[in-house]
Amino acid sequence: MAEENFFEKVYAVARQIPYGKVTSYGAIAKALGTARSARMVGWAMNASHNMDDVPAHRVVNRKGLLTGKHHFDGTNLMQQLLENEGIEVVDNQIVDFEKHFWQPEIEL
């Protein structure tokens, strides 16, 4: 199924996000050559929560908001995971988002 293949590509990119860095749904979509599919990247992240090797907490929206946080167990788990990596979060927003942003690049 094409959707499963797309999700696997999303997970492959997410696994490359360095510790202490974040990226956005749109940046992953763009890296995969599907710039308009940020929402599908979000669906992939939501479906990854029982996959320990996919750091879904490092994927946020283009403004640095923790838009996926309600998909994590516990109310502040996404924020806690980010803060454990040295990323400050205030009001569900990453502080110094540009400093922590990681731009994925895929070689096709």
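- The chain goes by MGMT family protein in an unreviewed UniProt entry, where it is assigned to Flavobacterium endoglycinae.

## Quick look at the overall build of the chain
Here's step 1: The secondary structure content of the chain amounts to five helices and four strands.
Here's step 2: In terms of overall dimensions, the chain is globule-like: its C-alpha atoms have a radius of gyration of 13 Å, near the 13 Å expected for 108 residues.
Here's step 3: Expressed as lengths along the three principal axes of its C-alpha atoms, the size of the chain is roughly 35 × 25 × 20 Å.
Here's step 4: Put simply, of all contacts in the chain between residues at least 6 apart along the chain, 66% involve residues at least 24 apart.
Here's step 5: Total accessible area on the chain is roughly 6,500 Å²; 49% of this is exposed by carbon and sulfur atoms.
Here's step 6: Separation between the mean location of the 11 positive side-chain charges and that of the 14 negative ones in the chain comes to 8 Å.

## Details of helix 3 (residues 38–46)
Here's step 1: Among all positions of helix 3, only Val41, Gly42, Ala44 and Met45 are buried. Taken end-on, helix 3 shows its buried residues confined to a sector of 160 degrees, consistent with a single buried face.

## Here we look at unusual backbone geometry
Excluding glycine, a negative phi dihedral is what most residues carry, and trans is how most peptide bonds are arranged.
Here's step 1: One non-glycine residue, Asp91, adopts positive backbone phi at about 50 degrees.
Here's step 2: Mapping Asp91 onto the fold places it in the loop between strand 3 (89–90) and strand 4 (93–94).
Here's step 3: Looking at Asp91, the relative accessible area reads 70%, which means it is exposed.
Here's step 4: Despite not being glycine, Asp96 has its phi angle at roughly 55 degrees, a positive value.
Here's step 5: Topologically, Asp96 is positioned in the loop between strand 4 and helix 5 (97–100).

## Considering the nonpolar core
Here's step 1: Core analysis: the largest hydrophobic core is formed by 28 residues, its most contacted members being Val10, Met45, Leu82 and Ile94.
Here's step 2: Secondary-structure elements contributing two or more residues to this core are helix 1 (2–14), helix 2 (25–31), helix 3, strand 2 (59–60) and helix 4 (77–84).
Here's step 3: The biggest single contributor to this core is helix 1, with six residues.
Here's step 4: When neighbours within four sequence positions are excluded, Ile94 is seen to be in contact with Val22, Val60, Gly64, Leu66, Leu82, Ile87, Glu88, Val89 and His100.

## Describing the pattern of salt bridges
Here's step 1: A complete count under the given rule lists two salt bridges for this structure.
Here's step 2: Close ionic contact of Glu85 with Arg58 constitutes a salt bridge, the shortest N to O distance being 2.9 Å. Taken as a pair, Glu85 in the loop between helix 4 and strand 3 and Arg58 in the loop between helix 3 and strand 2 lie far apart in primary sequence, 27 residues in all. The same class applies to Glu85 as to Arg58, namely buried.

## A few points about the environment of Ser37
Here's step 1: Looking at the element boundaries, Ser37 is found in the loop between helix 2 and helix 3.
Here's step 2: With a relative accessible area of 12%, Ser37 lands in the buried category.
Here's step 3: As a C-alpha pair, Ser37 and Ala27 span 10 residues in sequence and 10.0 Å in three-dimensional space.
Here's step 4: Look past the residues within four positions of Ser37 in its chain and what remains in contact with it is Phe6 and Ala29.

Rules and cut-offs
Here the residue numbering is sequential within each chain, running from 1 through the sequence in written order. Owing to the predicted nature of the model, reporting of local features is limited to residues with pLDDT of at least 70; listing and counting of side-chain atom pairs is limited to 80 or more, with chain, interface and lining totals taken over all residues. To obtain the side-chain values, all non-hydrogen atoms of the structure were included, while hydrogens and water were left out. Put simply, DSSP marks the helices as runs of H or I at least four residues long and the strands as runs of E at least two long, and each gets a number from the N terminus on. Only C-alpha atoms enter the radius of gyration, while the globule expectation follows 2.2 Å times N to the 0.38, with N the number of residues. For this analysis, residues touch if any pair of their heavy atoms sits within 4.5 Å. Only the protein chains shown count as cover for residues, with accessible areas throughout obtained via the Shrake-Rupley method and a probe of 1.4 Å. Neither His nor the chain ends contribute to the count of charged residues, in which Lys and Arg are positive and Asp and Glu negative. The atom standing in for a charge is NZ when the residue is Lys, CZ when it is Arg, CG when it is Asp and CD when it is Glu. For the exposure calls, accessible area comes from a 1.4 Å probe over protein chains only, and a residue counts as buried if that area is under 20% of its type's maximum, exposed if over 50%, partly exposed in between. Working definition: the arc comes from the directions between the helix axis and the C-beta atoms, pointing outward to the latter. Think of a nonpolar core as a cluster: buried Ala, Val, Leu, Ile, Met, Phe, Trp, Tyr and Cys residues, connected wherever their side-chain atoms sit within 4.5 Å. Salt bridge, as used here, is a side-chain nitrogen of Lys or Arg placed within 4 Å of a carboxyl oxygen of Asp or Glu.

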